[in-house]
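Close look at the chain arrangement
Residue strings, one per chain:
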Amino acid sequence: MSRAQAAEPGETRVFGIRHHGPGSARSLRLALEEFRPDTILIEGPADADPLVVHTAAASMAPPVALLGYVSDEPARAAFWPYAVFSPEWQALRYAVDNEVPVRFCDLPAAQVLAVDDRAGGRDALAELAAAGGYDDAERWWDAVVESTSDSGTFEAITEAMAALRETAIIEPETGTVIGPTGAPETEGGTADPEAPPAGEFQAASADEVGNGDPGAAPAAEHPGESPTPAPDETDGPESAPPQPEPLILDRHTLIREAHMRQVLRKARKDGARRIAVVCGAWHAPALQEPLGPAAADLRLLKGLPKVKATLTWVPWTHSRLAAASGYGAGVTSPGWYHHLFTETERPIASWLTRVAGVLRAHDLPVSSAHIIEAVRLAETLAALRARPLAGLSEVTEATRAVLCEGDDTALRLVGTELVVGESLGAVPPEAPTVPLEADLRAAARTLRLKQEALVRTLDLDLRKERDIGRSRLLHRLRLLGVHWGTPGAGTVQSKGTFRETWELRWEPEFAVRVIEASRWGTTVQAAAEAKILDTAARSGSGVTELTEALEFALLAELPGALDGLITRLGSAAAVDHDMTHLLAALPGLLRTLRYGDVRGTDTSALTHVADSMLVRICAGLPAAVTGLGDDTAAALRDQLDTATTAVHTRDHAESTEQWLSVLARLADRPDVHGLLVGRTVRLLCDADRIDTEEAARRLAAALSVGHTAAAKAAWVDGFVGGRGLVLVHDRALLRLIDGWLAGLSEEQFVEVVPLLRRTFGAFESGERRAIGEAVRDGRPAATAPGAAETDPARGLLALRTVADILGVPA
């Protein structure tokens with residue numbers, strides 16, 4: 001630096017912006033082009049400076065976010081999101097395009113993630129909105145700032161914020177008292193000479209409390225974030241609202257601004273002459289020259305806790321920029337703001353044309369004439385309200401009145417799909433990431449799975465190599481807690497296991513979950529295998545849990561985990577003497593044997609475990625069904641149903657015979673609960689092990705004298721429960737049950753009616769109606785072929801009618 005340069009006075013311009021505001025972004029770009037700074041400082045984590053270079057990549061597409069997380073505890077993370085209409089992003093792009101040095105100047109993520117003392121306060125923009133006659137800070141900012149592009153607005157905003165800060169209350173520290181001017185005083189009443197003046201500090205950035213601060217992520221993503229209070233709801237500027245909360249300058253904000261001033265001092269010391277500072281509007285007065293002595297700032301920053309933090313870029317979405325998502329710095333209409341920033345020619349006409357497209361996609365009639373009239377109405381409303389351009393309020397009213405014809409349901413479609421909108425950004429592959437994330441990206445690219453913010457249905461045919469690869473990847477990610485895909489109901493009807501349907505939607509927070517899962521391995525498959533083995537090794541994992549894990553391992557094709565799971569399952573089954581546990585595990589185990597046919601997985605080792613478990617169940621079941629109560633018998637009945645279906649589905653002759661033999665033994669025992677005996681008879685009848693006549697004989701015996709009414713009702717419930725068609729089509733069974741009911745005494749009928757109501761209430765309405773008609777007419781609703789009498793005269797009439805319809809001689 002020459003002596004002339006050293007003698008030349010420097011200039012610092014502070015541009016107080018609204019985070020994620022298109023008007024601020026456009027005005028900032030104009031101001032930077034006019035000012036032509038040699039250094040740009042942007043509110044953001046100071047340790048993210050090495051990541052600035054990636055903003056120049058062609059594959060970097062907003063919305064994106066800086067992600068900072070604790071290296072040893074990835075769940076502790078914070079996001080700093082940017083859209084194309086975010087002023088910070090435009091400042092980054094200006095710096096990169098013009099080769100201007102750029103740095104972030106806010107607290108480093110290493111310190112942000114280590115502290116948890118942020119506080120909320122009243123929205124300063126609500127104060128300015130109320131002064132301008134608005135009861136909504138969002139509408140006021142949209143009307144005054146976002147619809148214009150004027151670099152001169154920054155001075156006015158900073159002046160307004162400075163006036164508000166003079167009335168703010170500084171959060172006291174232990175041992176200090178806040179004086180009437182806002183300056184800290186000692187307990188003796190003497191003002192601290194080194195304390196910065198009140199106008200230099202803030203509480204939860206007034207434009208960030210509800211209006212935006214990339215350093216203040218949503219509560220769910222940024223630990224310790226206090227929820228933002230909503231502006232007071234008033235009827236207008238003339239109403240007298242309740243006493244508002246004061247503007248507060250909290251300690252966390254004081255520290256942040258102290259750090260920003262230190263970075264500004266360092267930039268000046270390094271030789272910068274024309275410095276542009278881009279920060280939230282509420283911070284702007286605290287960063288104006290002169291900065292004052294550094295002693296007070298150094299004292300605030302001394303001894304701040306730190307953690308080891310890692311930063312990277314991740315894709316973001318418009319919906320997560322919306323305040324409705326819980327993001328404290330969010331806006332209500334990111335889709336509208338994106339349109340307003342990117343469409344410079346006739347933005348209102350093009351917006352309403354897009355609205356018409358959305359409505360037409362939902363089969364609503366919208367013509368070109370509707371669009372023309374809606375544009376006229378929006379522009380007329382803007383003129384009446386003295387606005388330079390129609391804003392969101394005007395286009396929304398025009399949309400409701402003209403395009404939606406007053407229908408708020410249709411208007412909500414527009415709000416969801418356009419006003420908020422959904423757009424997932426992209427980051428360059430060379431951005432720093434963990435190996436697991438890199439493997440996931442490569443796998444998704446190979447399988448042609450695109451990360452999208454919108455829900456997309458994916459139907460898979462597991463006989464195709466690519467589709468089975470997609471299925472395995474999605475199952476592995478679910479195991480790792482990354483629910484990119486959710487199994488759904490298929491649109492393609494298919495019998496068997498050859499089809500899968502998924503609902504795909506990528507959420508920004510999945511980036512954190514991938515980082516968390518990276519401790520299990522460097523590839524998706526290795527991480528899933530390690531995770532499932534660790535889960536199975538826990539002390540609380542029993543036969544049922546291990547069976548579910550094994551089924552998941554086969555779905556996800558995790559060969560490295562199969563041997564360990566099968567071995568542990570065999571050991572657990574050998575020592576588990578509870579038949580209910582084994583019965584609960586058997587269907588899942590037999591179900592997994594089918595996947596070898598479809599997915600090409602070797603399940604030979606699993607067959608031995610399944611056969612061994614079935615042998616143990618058949619040996620122990622007769623003893624396990626003795627002396628059961630009503631509730632236990634009902635639960636066991638359901639398990640017998642499920643196990644029977646699983647055994648038949650396996651289609652293994654030896655296993656089927658083994659299972660039916662043990663059911664036959666249960667059906668012949670008099671000491672078993674009637675609910676179970678009735679059900680085993682029904683299952684044996686369905687399997688053609690016994691015929692209908694034998695089933696009727698057993699039913700008659702169960703309803704004979706010598707059994708209590710409750711026992712008889714339990715037997716009937718077991719036999720016909722959930723199977724109403726049995727009584728519709730079987731005359732003998734219907735007559736037996738009808739005769740038994742008709743012979744009950746009043747006392748016996750009152751005793752059994754609750755159980756019978758539960759049994760018959762579970763039938764379909766058509767089944768109940770058919771049974772009732774059969775009982776009323778004294779015959780079954782459906783009879784065997786040939787059982788009904790034939791009326792030749794009526795038959796001849798029907799034949800003549802058919803002949804006339806077909807045009808042939810009778």
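Here is a short report on the structure shown in this document.

Reading the values: rules and limits
- Residues numbered from 1 in each chain as written.
- Predicted model: local features only at pLDDT ≥ 70, side-chain atom pairs only at ≥ 80, totals over all residues.
- Heavy atoms only, no water.
- Helix = DSSP H or I, 4+ residues; strand = E, 2+ residues; numbered from the N terminus.
- Buried < 20%, exposed > 50% of the residue type's maximum accessible area, 1.4 Å probe, protein only.
- Contact = heavy atoms within 4.5 Å.
- Areas by Shrake-Rupley, 256 points an atom, 1.4 Å probe, with all protein chains shown as cover.
- Salt bridge = Lys/Arg side-chain N within 4 Å of Asp/Glu carboxyl O.
- Phe/Tyr/Trp six-rings, centres within 6.5 Å; stacked < 30°, edge-to-face > 60°.
- Axes fitted to C-alpha atoms, helices over the stretch in contact; angles between N-to-C directions.
- Left-handed = near helix turned anticlockwise from the far one by under 90°.
- Nonpolar A, V, L, I, M, F, W, Y, C, P; charged D, E, K, R; others polar.
- Pairing = 2+ DSSP bridges.
- Patch = residues over 30% accessible without salt bridge, like charges linked within 9 Å, V, L, I, M, F, W, Y side chains within 5 Å.
- Core = buried A, V, L, I, M, F, W, Y, C linked by side-chain atoms within 4.5 Å.
- Disulfide = S-S within 2.5 Å.
- Parallel < 35°, antiparallel > 145°, perpendicular 65-115°, else oblique.

Of regular secondary structure, the protein possesses 33 helices and 14 strands. Each of the 810 residues in the protein was classed as buried or not, and the buried ones make up 50%. Across the protein, the fraction of contacts at a sequence separation of at least 24, relative to all contacts at a separation of at least 6, is 77%. With the model as given, the accessible surface of the protein reaches about 37,200 Å², and the carbon-plus-sulfur share is 53%.

Pairing is possible between side chains of opposite charge, provided their charged atoms come close. Taken as a whole and judged by the stated rule, the model has 36 salt bridges. Note that Arg261 and Asp297 form a salt bridge whose closest N and O atoms lie 2.8 Å from each other. In this pair, Arg261 is assigned in helix α8 (residues 251–269) and Asp297 in helix α9 (residues 295–301), connecting sequence segments 36 residues apart. A single burial state applies to Arg261 and to Asp297, both of which are buried. Across the salt bridge formed by Arg470 and Asp467, the nearest N and O atoms sit 3.5 Å from each other. Placement of the pair is Arg470 and Asp467 together in helix α16 (residues 465–479), with a separation of three residues, close to one helical turn. Residues Arg470 and Asp467 agree in their burial class; the two are buried. Residues joined in a network through salt bridges with shared partners are Arg29, Glu33, Arg93 and Asp97.

Bringing the packing of aromatic side chains into the picture now. Under the criterion given, the structure shown has eight aromatic pairs. Geometrically, the ring pair formed by Phe85 and Tyr337 is edge-to-face, given 6.1 Å between the ring centres and 75° between the ring planes. A residue pair is termed long-range when its members are at least 10 positions apart, and Phe85 in the loop between β4 (73–82) and α3 (87–97) and Tyr337 in helix α10 (residues 334–342) qualify at 252 residues. On the basis of relative accessible area, Tyr337 is assigned to the buried category, the value being 1%. Between Trp484 and Trp506 the ring centres are 5.3 Å apart and the planes differ by 85°, which places this aromatic pair in the edge-to-face class. Placement of Trp484 in the loop between α16 and β13 (485–487) and of Trp506 in the loop between β14 (499–504) and α17 (510–517) is noted, with a sequence separation of 22 residues between them. Overall, the relative accessible area of 1% leaves Trp484 in the buried class. Owing to a relative accessible area of 4%, Trp506 belongs among the buried residues under this scheme.

The next subject is the packing of helix α11 (residues 347–361) against helix α14 (residues 408–420). Two elements in contact, α11 and α14, have axes separated by 10 Å at closest approach and are oriented at 115°. For the element pair α11 and α14, the recorded crossing hand is right-handed. For the pair α11 and α14, contact is made by Trp351, Arg354, Val355, Val358 and Leu359 and by Ala410, Leu413, Val414, Glu417, Leu418 and Val419, respectively. Counted by class, the contact of α11 with α14 contains nine nonpolar, no polar and two charged residues.

Read across the open sheet, the three strands follow the order β12-β14-β13; overall the sheet is antiparallel. Single-partner strands in this sheet number two, and they are β12 (456–461) and β13. The sheet shows a mean angle of 35° between the axes of neighbouring strands, direction not considered. With six bridges joining them, β12 and β14 adopt antiparallel strand pairing. Note that in β14 the partner of Thr457 across the bridge is Glu503. α16 contacts β12, β13 and β14 of the sheet and is inclined by roughly 55° relative to β14.

Here we take up the environment of Ala774. Within the secondary structure, Ala774 is located in helix α32 (residues 765–777). Classification of Ala774 by relative accessible area gives buried; the value is 4%. Taking C-alpha positions, Ala774 is 8.7 Å from Leu734, a pair spaced 40 residues apart along the chain.

Once that is clear, we can look at a nonpolar patch on the surface. A contiguous nonpolar patch, built from Val802, Ile805 and Leu806 and spanning about 330 Å² of accessible area, is present on the exposed surface. Within the element layout of this structure, Leu806 appears in helix α33 (residues 792–806). Given the relative accessible area of 61%, Leu806 is considered exposed.

With that settled, the discussion passes to the nonpolar core. Within the largest apolar cluster, 73 residues are counted, with the highest numbers of intra-cluster contacts made by Met613 and Trp659. The element best represented in this core is helix α23 (residues 604–624), accounting for eight residues. Residues in contact with Trp659, not counting those within four places in the same chain, are Leu583, Leu614, Ile617, Cys618, Leu621, Leu640, Ala643, Thr644 and Val647. By size, the runner-up hydrophobic cluster in this structure holds 72 residues, among which are Ala65, Val314, Leu411 and Ala511.

What follows deals with the state of the cysteines. In a disulfide, the sulfur atoms of two cysteines are covalently bonded to one another. Under the counting rule described, the total for this entry stands at zero disulfides. Take Cys105: it sits in no disulfide, and the sulfur closest to it among the cysteines is that of Cys279, at 7.1 Å. Since its relative accessible area comes to 1%, Cys105 is described here as buried.

So, about the sheet that holds strand β1 (residues 11–17). Ordered in space as β1-β10-β2-β5, the four strands form an open sheet in which the pairing is parallel. Edge positions in the sheet fall to β1 and β5 (102–106), since each of these pairs with one other strand and no more. Neighbour to neighbour, the strand axes of the sheet diverge by 30° on average, direction disregarded. Relative to strand β10 (residues 274–280), β1 runs parallel, the two being bridged by seven bridges. Bridged to Glu11 within β10 is Arg274. Docked against the sheet, helix α2 (residues 22–35) engages β1, β2 (39–45) and β10, running at close to 170° with respect to β1. The sheet strands contacting α3 are β1, β2, β5 and β10, and the helix crosses β2 at an angle near 140°.

Before going further, it helps to examine the packing of helix α13 (residues 392–403) against α14. Running from amino to carboxyl end, α13 crosses α14 at an angle of 140°, the nearest separation of the two axes being 10 Å. By the angle class used here, α13 and α14 are oblique. Handedness of the α13/α14 crossing: right-handed. Between α13 and α14, the contacting residues are Leu392, Thr396, Thr399 and Arg400 on the first element and Asp408, Leu411, Val414 and Val419 on the second. In terms of residue class, the contact of α13 with α14 is made up of four nonpolar, two polar and two charged.

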